[in-house]
Amino acid sequence: SASDLTSVKKFVNRNRVSPNVKYYGQAKGKNVIIIHLESFQQFLINYKVDGKEVTPNLNKFYKNKNTLSFDNFYNQVAQGKTSDAEMMLENSLYGLPQGSAMTTYGTQNTFQAAPAILSQKGYTTAAFHGDVPSFWNRDNTYKSWGYEYFFSSSYYKTKPDYSVGYGLKDKIFFKQASQYLDQLPQPFYAKLITLTNHYPYELDKQNTDFPATKTGDKTVDPYVQTAHYLDEAFGEFLTYLKTSGLYKNSVIMLYGDHYGISDNHRAAIAHLLGKKSVNEYDLAQFQKVPLMIHSAGLKGGIDHTYGGEIDVLPTLMDLLGVKDNNTIQFGQDLLSNKRNQVVAFRDGDFVTPKYTKVGSTVYQTSTGKKLTLTSQQKKQITKLQNYVTTELSLSDRVIEGDLLRFYTPKGFTKVNKKDYNYKYING
Ligand code: GP9
Ligand code: MN
């Protein structure tokens, strides 16, 4: 209802932070290329197996002087997995406590998503994915989000050995996607969703040239092999971006969508991290995923701010210099020095630079020590918990009540889904 919208607006306006003047508009007018690294966790960065780097190309990109890399960036997904990540990244709205918001609300709801915002600023917008278009209801949701093009499975030439698991192998995917990318009018906003590094981490023999880990857990051990393959695919794509010239006039943003190794594999996780055992604190910290933003000329470096997927859209918009003073977005620009560093998990747990709260236990984030709370600390935790609970429930109200249909920010035109029609080539 309209009164729900009032509470939402109050909350987002109260928590809106001013951008960092050093970064605001630094990438104005550039193309945006987003690479969704499937099931990719932060611990893989600089990780070695038998003395070999799992992801040499990503490691190099991570350290590049024009890459902003975040090392305290967490995934915040729930059951909607990939779709929750997409929802947060492109709308700065949380996924739902149960199910997938894209599946349940993607077709009907009104959104003010990144593709719509940018297409109204003259951008061409396109999503690329080597799976069937109906997965996670992308074919309908992307229309609601204002994606002009959706290059899903039927757009790619295929042979029996081109696919594994959910779809096209990443190397083949990037190669063919780049032929479409070449033809997009610039500036464009393009999102490429990888697939191969997905459970059960299958690969054909010819691509399995990297040693598996030796935790003894069969579900876990091939994870680094598909991650290595994804890294090689990224390396090849980067070469293409450089030769095509896109590297220079694009913001290249990479993120991991969620964990690849679930909490059910504690012993294996401990083994991977070189620990005797892992507790709830370790598992919360294990939810870190990469976020890297590269743009030629940008002042890069490793940024230790605490944030998560909800914060990406406001960060990107500020880099592009797109004013967002009236939008309903729950995240905060990661580059703003005024931001609250509170990372909300979907179950109400949270991480801040000081505290890691899991269930009824609070740990010190810097050491992992379990805290016996002083009354002062208790007050702080209550305040943080309040913020997290309010934020999550207001975001849910936006989606469940389809509240954005009642409010169109100044300068934004409501998306008309009928304007979008994705042709599927091979039937
Ligand atoms: C399928 C892919 C996988 O198209 O995006 O989704 P996930 O299982 O990671 O949520
Ligand atoms: Mn996923």
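An account of the accompanying structure is given in this report. (Residues numbered from 1 in each chain as written. Chains lettered and ligands numbered in written order. Predicted model: local features only at pLDDT ≥ 70, side-chain atom pairs only at ≥ 80, totals over all residues. Heavy atoms only, no water.)

### Examining empty space enclosed by the protein
The tally for this structure, following the rule as stated, stands at four cavities of 30 Å³ or more. In this structure, the largest cavity spans a volume of roughly 60 Å³. Taken together, Val-164, Gly-165, Tyr-166, Leu-195, Thr-196, His-198, Tyr-199, Pro-200, Tyr-201 and Glu-202 make up the lining of the largest cavity. The residue inventory of the lining of the largest cavity, partitioned by class, reads six nonpolar, three polar and one charged. (1 Å grid on protein atoms, 1.4 Å probe; cavity = no way out; pocket = protein on both sides within 12 Å on 5 of 7 lines; lining within 4 Å. Points joined across faces, edges and corners; volume = space filled by probe spheres on them. Nonpolar A, V, L, I, M, F, W, Y, C, P; charged D, E, K, R; others polar.)

### Things to note about the site of ligand 1
Taken together, Glu-38, Lys-81, Thr-82, His-129, Asp-131, Phe-135, Trp-136, Arg-138, Tyr-166, Leu-195, His-198 and His-258 make up all the residues around ligand 1. One of the side-chain nitrogen or oxygen atoms of His-129 is found 2.8 Å away from an oxygen atom of ligand 1. One of the side-chain nitrogen or oxygen atoms of His-198 is found 2.7 Å away from an oxygen atom of ligand 1. Here ligand 1 loses 96% of its free accessible area of 310 Å² to cover by the protein chains. (Near = heavy atom within 4 Å. Polar contact = N/O pair within 3.5 Å; in protein donor to acceptor, adjacent residues only side chain to side chain. Areas by Shrake-Rupley, 256 points an atom, 1.4 Å probe, with all protein chains shown as cover.)

### Looking at the sheet that holds strand 16 (residues 350-351)
What the four strands build is an open sheet, ordered 15-16-17-18; its pairing is antiparallel. In the strand order of this sheet, the two ends are held by strand 15 (343-344) and strand 18 (361-364), each with one partner. Relative to strand 17 (residues 355-358), strand 16 is paired through two bridges, and the arrangement is antiparallel. Residue pairing across strands places Val-351 opposite Thr-356, the latter belonging to strand 17. Those strands touched by helix 12 (residues 375-400) are strand 15, strand 16, strand 17 and strand 18, and its axis lies near 65 degrees from that of strand 17. (Pairing = 2+ DSSP bridges. Helix = DSSP H or I, 4+ residues; strand = E, 2+ residues; numbered from the N terminus. Contact = heavy atoms within 4.5 Å. Axes fitted to C-alpha atoms, helices over the stretch in contact; angles between N-to-C directions.)

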